[in-house]
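Analysis of the macromolecular model
Chain residues, written in single-letter form:
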Amino acid sequence: MNGKSFFVDLTKCTACRGCQVACKQWKKLPAEETVNTGTHQNPPDLSYNTIRLVRFKEEVVDKKIRWNFFPEQCRHCVDPPCVGYSEVEGSMIHDPDTGAVVYTELTKQENYEDILSSCPYNIPRVDPETGVISKCDMCIDRLRIGLRPACVTSCPTGTMNFGDREEMMDLAEKALATVQKKFPEAELVDPYETRVIYLTAYPAQEYYEYLMADAAQTPRKGLTRKQLFAKLGGAAARMRS
Amino acid sequence: MTVNRRRFLKLSATAAAMTAFGGLGCQHTAPAVDRATMLKPEWTKQTTTICCYCAVGCGLIVNTSLKTKKAVNVEGDPDHPVNEGSLCAKGASIYQLAENERRPEGPLYRAPFSKEFKQVSWKWALEQIAHRVKKSRDETFAVKNDKGQTVNRTEGIASLGSAALDNEECWAFQTMLRSLGLVYIEHQARI
Amino acid sequence: MTNHWTDIKNSDCILIMGSNAAENHPISFKWVTKAQEQGAKLIHVDPRFTRTSAKADMWAGLRSGSDIAVLGGLIKYILDNELYFEEYVQNYTNASFLVNEDYAFDNGVFAGYDPKTRTYDKSSWAFQMEENGVPKQDPTMQDPNCVLQLMKKHYERYSLENASRMSGLSIDELKELYSTYAATGTGDKAGTIMYAMGWTQHTVGVQNIRAMAMVQLLLGNIGVAGGGVNALRGESNVQGSTDHCLLYHILPGYLKTPKSWQDSLAAYDKDYTPVSNDPESANWWSNYPKYSASLIKSMWLNDDPATAYNYLPRLDTGAASEYAWLTLFDKMGKGKFQGLFAWGMNPACSGANAGKNREAMANLDWLVNVNIFPNETGWFWEGPDMNPETIKTEVFFLPCAVSIEKEGSVTNSGRWMQWRYKGPEPKKGTMPDGDIMYELMKEIQHLYEKEGGAYPEPVTRLTWDAIATDGVFDAHKVAKLINGFFTKDTMVKGKTFKKGQQVPSFAYLQDDGSTCSGNWLYCNSYTDKGNMAARRDTTQTPMQANIGLFPNWSWCWPVNRRVLYNRASVDLKGQPYAKNKPVIKWDGTKWVGDVPDGGWKPGTKHAFIMRKHGYGQLFGPGRADGPLPEYYEPLECPVKEHPYSGQLHNPTAIAFAEEQKAVCDPRYPLVCSTYRVTEHWQTGVMTRNIPWLVETEPQVFCEMSRNWPSSRASTTATRLSWTACAAPSGPSPSLPQGSSPSPSTATPSIRSVCLALWLDVAQERRRLRQPADPVRR
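Rules of the game
- Here the residue numbering is sequential within each chain, running from 1 through the sequence in written order.
- Going through the entries in the order they are written, you letter the chains from A and number the ligands from 1.
- Two thresholds apply to this predicted model, a pLDDT of at least 70 for residue-level local features and 80 or more for giving and counting side-chain atom pairs, whereas whole-chain, interface and lining totals are computed over all residues.
- Values shown for side chains rest on all heavy atoms present in the structure; no hydrogens or waters enter the calculation.
- Elements are defined by DSSP. Helices are runs of H or I of four residues or more, strands are runs of E of two residues or more, and each kind is numbered from the N terminus.
- For every residue, the accessible area (1.4 Å probe, protein chains only) is compared with the maximum for its type, and the residue is labelled buried under 20%, exposed over 50%, or partly exposed between those bounds.
- In what follows, residue pairs with any heavy atoms lying within 4.5 Å of each other are defined as contacts.
- For the area figures, the Shrake-Rupley method with a 1.4 Å probe applies, and any residue is considered shielded solely by the protein chains shown.
- In this entry, domain limits derive from an automatic or database-based domain assignment.
- In short, DSSP must find at least two bridges between two strands for them to pair.
- For helices, the axis comes from a line fit to the C-alpha atoms of the stretch in contact; other axes are also lines fit to C-alpha atoms, and the angle between any two N-to-C directions lies between 0 and 180 degrees.
- Angular relationships are summarised with four words: roughly parallel below 35 degrees, roughly antiparallel beyond 145, roughly perpendicular across 65 to 115, and oblique for the angles in between.
- Helix crossings are classified by the rotation of the near helix relative to the far one: an anticlockwise turn of less than a right angle makes the crossing left-handed, while a clockwise turn makes it right-handed.
- Classification used: nonpolar for Ala, Val, Leu, Ile, Met, Phe, Trp, Tyr, Cys and Pro, charged for Asp, Glu, Lys and Arg, polar for all others including Gly.
- Only one rule defines a salt bridge in this text: a Lys or Arg side-chain nitrogen within 4 Å of an Asp or Glu carboxyl oxygen.
- By buried area we mean the combined loss of accessible area, with a 1.4 Å probe, across both parts when two parts are placed together.
- N or O atoms closer than or at 3.5 Å make up a polar contact, with two conditions inside protein: a donor-capable atom paired with an acceptor-capable one, and, for residues adjacent in sequence, both atoms drawn from side chains.

A count of helices and strands for chain A gives 8 helices and 10 strands. Evaluated residue by residue, chain A yields a buried proportion of 64% over its 241 residues. When contacts within chain A are restricted to residue pairs at least 6 apart in sequence, those whose partners lie at least 24 apart make up 60%. Split by element, the accessible area of chain A, about 9,000 Å² in all, is 51% carbon and sulfur.

Structure, rendered in structure tokens:
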């Protein structure tokens, strides 16, 4: 058993944002106060109360519009750097059955900056009032009673898929082969390092700077994200083989 | 692992007991809360419904607390052939439509030339409306038209709505309006 | 929809035009995506690049209002290149019918036009008849007066060049669009159209849809899996509310409202019961008297239908210019009405010319506003430019339960009647709409019984308790009444039915009051076998599973037929044209698959059973604005002329003399289109009050091109930003103390959206030309 994974086919995402709201509904996370900033994307960024966000990005290539949608969430890394950087017992659980990375209330004792900078995808967010750090928990409570994560259940188009890791890897490879016929630049993003495998139609930078781990320029803790992964990539390498 | 699984589950269940049935006012705790408990039959009843927004007609499952009689979870019905569990942003938010503190808690009345509504009882409101309807009907009822043809209609009352009503309510509404003699009857299908 | 949602997956080419399905019917894309996975092409024709366009193989950004130029061009392309499905066109459409020789079309106007009344005398559009009363046909379709030839002549002007000039699409784009879609004109391929308000909200709305229906008939796309003419309806029960006819011109089941000259039920039935002399025409509407009598009986169970017919109000005319929405508000503005019910609707926001509508409401003596939340209609008296101290209107706001708090059914766009159960209790202080209606009408009946009044019989004799059990509104009882039951022991078709038994289907309805049925279309939905709408059985035959047909899930009108006109999906021997996705099939002894359009053997009845002559109408002689769709500009437009004729606007469009229209007006050089986003719904009464949705779309906004000349852009931007700035300091709906949370507990951004809508674009009457470059800013 290699746990669970998501396969996210971005060529099918219509940005209906069912997943973004379904996540809040299941967890009863409160709405944020927002303003329109010239894009549908709102809230503008992930936050303590928004652990899942559909990002919108426009590109014009060869005079044709590409409007790319990216439902962002924690990648539940196979070898999660954040867990490696955790200094508080019980603040983070790397669930052995699913591979879910779950944060608890004890994250309030962590150094948030350290945890954030450990993440190759810029995911964890802190509650400024309590200091508790939050992110997607793979709806581990739902998994235990046989339901899929709320975001996957809500997805109409087959963008969001969830299941055993082998099954998702298989699905991803097959989808890539199909999609490449229409989108030659299509690729799977960090399939071996993460449990949330995105399939893009266009280069990852055309969606969001942190979609792919090595797309980011800023080094954290003196290491680029790629280096971070390389350092922590033992389990990923084992699963690849 | 720094917290063993048993301790994690215990922590989660405690949190669930505090939050799952609290409605909108519950304190959210994003990390590590077991909300799945609220779906168990000993806590909630499960009913199916159809989304109240567009006419795709997606199926939903509503879990209602046996104790508070309030909704605790509303999500897509995976058995429904049209949506197979999926929902858009609107459908996914129906919980907040019901559990919403902006809903007025009783009829409101605005008197002529008044700057405000005041809260009134249902009994008073329905009696008053019935009197207005009767007065307007009696004053504007035309037995004959200009050509002397029998028309039996109420000319001084109009009605707008509604595609938001159930079929049974739509039928009852048209029956009520037409028995009152209304001819100016329109709704969302026209606009 | 002639078809239904899951059927979209069967399509080979999906045209989305006049709709933004991905945003406004998001779950439809579950099935659009499935079709795409199987190789279907997706074409989006829309002025704006939307989330729908983002998923399309082709996006064609036409100029708003130029649809008939594009569709007329498609008809010409199909005819010129003989891409139509000839056997289908010959057997199932009126292409071979001969039209009266008096029929004429000259310079944008059809024969019979009366400029004074702005209406047509349609007599010259009629078909030539044989002596036996059957339409004359030319099977070779060569006669110059036959429909196919008339179409060729009519659409001669609809060249690629003209379509390009009016729509702004390039000739290459049009060719790609036409050739891709017309490729579905073979027996084994199906193309579908998904349209919505982008087509209906025009002065040529009906003809936009007719043009596409004609395309579908030419290509043999009606009645087949993955085809049809599919209106994506916008509200959960706008299909059902239309079936139950909350509209001035129709009664439940699309029966006509009685007119002043129809002084008896017999006279009324005679006017609306079509007669066909063709034994092969099923002419289903010949059953009209059974449906009208059963409807009347269902309302007044203790009277015979001929007597109770007099209880129904009669109209002077069926003309929209007398009773329809726009006229209704015009008359309200002139003080015609004392009272208004605005029930589950927010006309102060939703209707065209919102400012006019709000001013009109100030002329009412009373307004009853039933809704979930406070809204612009109930609160119109504190809206912009309103002085409450001078407004006499009494307003009663009645808060109702939400959908999950009550039981009943809704009918989706695919005509599936689906039962909803009650989950939570209605919020404290609110009531389900059905209970409000029941109690209100009960009170009115009580007043009439006590005091008498104008013609009290329709009110006092109304059998209102038929909708309640122990004084409480009972959705099951109403649903049973809508289906209908026998009012006495009756024998029909050799079967004996006891009084009180449910009528099994509309084929058993009678015209003498021995049956009641609140809506003949729904007869078969709640039978002695139970509540069909509540069924949750996904059992299918392999043939049904192949096309995603779910005959045992919920119930669908009519008689659970999932694909309308499905007899046109097979040849005259009952064998499906599309071997890989048959809808029905004659197996030698019976039909299998979907419920067929009548159980007659193949080839014995014409396929389009609801039409008098039994054929799909390429030529539509009953339409108010012409038998063939013709190009006209919207009433407000940026051009002085168009190449199709000298008639700029639809000569039959409703117009109000005092309302000015901007035609090539330099003060209004831009065309603006209004639209919805996924996260908000209709006027937003519900969604603007939902924090999770307000979070995603917090404000009204306007999109404009970066490429506009800077002076024009800055003027527009200034005016728009003024709107945005003015909004937060504007009025807010007031609530009495204790009736609802104080504003401080509300999410402030919800209020700002609400306020911004007060200052809606319609009132400002800004017109923005569509962007040449659709990139957002």
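Residue and element names in this part refer to chain C. For helix 6 (residues 147-154), the buried fraction is high: 6 of the 8 residues fall into the buried class. Within the sequence span of helix 6, burial applies to Val147, Leu148, Gln149, Leu150, Met151 and His154. Those residues of helix 6 hidden inside the fold are in contact with helix 4 (67-80), strand 4 (105-106), strand 5 (109-110) and helix 10 (205-218).

Our focus in this paragraph is the domain arrangement of chain B. The domain architecture assigned to chain B consists of domain 1 (35-98) and domain 2 (121-187). One C-alpha centre belongs to domain 1 of chain B, the other to domain 2 of chain B, and the line joining them spans 36 Å.

Our focus in this paragraph is the sheet that holds strand 8 (residues 160-164) of chain A. Residues and elements named next belong to chain A. Reading across the sheet, the 4 strands line up as 8-1-10-9 and stay open at both edges, with mixed pairing between neighbours. Two strands close off the open sheet at either side, each with one partner strand: strand 8 and strand 9 (187-189). When strand polarity is set aside, the average angle formed by the axes of neighbouring strands in this sheet is 25°. Relative to strand 8, strand 1 (residues 4-9) runs antiparallel, the two being bridged by 5 bridges. The residue bridging lysine 4 from the neighbouring strand is aspartate 164, located in strand 8.

Residues and elements named next belong to chain B. Strand order in the open sheet formed by 3 strands is 1-2-3, with antiparallel pairing between adjacent strands. Both edges of this open sheet fall to strand 1 (44-50) and strand 3 (71-76), since each of them pairs with a single strand only. Adjacent strand axes in the sheet meet at a mean angle of 20°, parallel and antiparallel pairs treated alike. Taken together, the 5 bridges between strand 2 (residues 59-65) and strand 3 define a ladder with antiparallel strand orientation.

Okay, the packing of helix 4 (residues 122-140) of chain B against helix 19 (residues 433-451) of chain C next. Direction vectors running N to C along helix 4 of chain B and helix 19 of chain C enclose 55°, while the axes themselves pass 9 Å from each other. Judged by the inter-axis angle, helix 4 of chain B sits oblique to helix 19 of chain C. Helix 4 of chain B and helix 19 of chain C meet at a crossing whose hand is right-handed. Contacts between helix 4 of chain B and helix 19 of chain C pair Trp122, Leu126, Glu127, Ile129, Ala130, His131, Val133, Lys134, Arg137 and Asp138 of chain B from the former with Ile436, Glu439, Leu440, Glu443, Ile444, Leu447, Tyr448 and Glu451 of chain C from the latter. Partitioning the contact of helix 4 of chain B with helix 19 of chain C into residue classes produces 10 nonpolar, 1 polar and 7 charged.

With that settled, the discussion passes to the pattern of salt bridges. One pass over the structure, following the stated rule, counts 58 salt bridges over all chains. A salt bridge links glutamate 405 of chain C to arginine 103 of chain B, with the shortest nitrogen-to-oxygen separation between them at 2.9 Å. One end of the pair, glutamate 405 of chain C, is in the loop between strand 14 (394-399) and strand 15 (408-411); the other, arginine 103 of chain B, is in the loop between helix 3 (94-98) and strand 4 (108-110), on a second chain. Since its relative accessible area comes to 3%, glutamate 405 of chain C is described here as buried. Residue arginine 103 of chain B is classed as buried on the basis of its relative accessible area, which comes to 0%. Note that aspartate 303 of chain C and arginine 461 of chain C form a salt bridge whose closest N and O atoms lie 2.8 Å from each other. Of this pair, aspartate 303 of chain C sits in the loop between helix 13 (288-299) and helix 14 (305-308) while arginine 461 of chain C sits in the loop between helix 20 (457-460) and strand 17 (468-469), and the two are 158 residues apart along the sequence. The exposure class assigned to aspartate 303 of chain C is buried, which follows from its relative accessible area of 9%. Taken together, the shared-partner salt bridges connect Asp330, Lys334, Lys356, Glu658, Glu659 and Lys661 of chain C into one network.

The next subject is the interface of chain C and chain B. Opposite the 169 residues of chain C that make contact, chain B presents 118 residues. Carbon and sulfur atoms supply 64% of the area buried between chain C and chain B, which totals about 13,000 Å² over both sides. The largest contributions to the chain C side of the interface with chain B come from Ile27, Leu246 and Phe341 of chain C, which together make up 6% of the buried area. Counting every contact that joins chain C to chain B gives 13 salt bridges. The partner of glutamate 451 of chain C in a salt bridge is lysine 134 of chain B, and the shortest N-O contact between them spans 3.6 Å. In the side of chain C that touches chain B, the residues fall into 93 nonpolar, 49 polar and 27 charged.

Moving on: the pairing of strand 10 (residues 196-200) of chain A. Residue and element names in this part refer to chain A. Most of strand 10 is tucked away, with 5 of its 5 residues classed as buried. Alternating residues of strand 10 divide into Val196, Tyr198 and Thr200 and Ile197 and Leu199, and every residue in both groups is buried. Of the pairings in the sheet, the one linking strand 9 to strand 10 comprises 3 bridges and is antiparallel in character. Across the sheet, the residue bridging to leucine 188 is leucine 199, located in strand 10. The hairpin formed by strand 9 and strand 10 contains 6 residues between the paired strands, and aspartate 190 there has a positive phi angle of roughly 45°.

Next up on the list: the environment of leucine 521 of chain C. All names here are of chain C. Within the fold, leucine 521 resides in the loop between strand 20 (495-497) and strand 21 (526-527). We classify leucine 521 as buried; its relative accessible area is 4%. Between the C-alpha atom of leucine 521 and that of glycine 253, which follows or precedes it by 268 residues, the distance is 5.5 Å. Leaving out residues up to four positions away in the same chain, leucine 521 has contacts with Gly253, Tyr254, Trp555, Trp557 and Pro558.

Residue and element names in this part refer to chain C. Mapped onto the secondary structure, lysine 661 falls in the loop between strand 25 (591-593) and helix 23 (691-696). When its relative accessible area of 35% is taken as the criterion, lysine 661 is described as partly exposed. Sequence separation between lysine 661 and alanine 293 is 368 residues; the distance between their C-alpha atoms is 45 Å. At 3.3 Å, the side chain of lysine 661 and the side chain of glutamate 659 are in polar contact.

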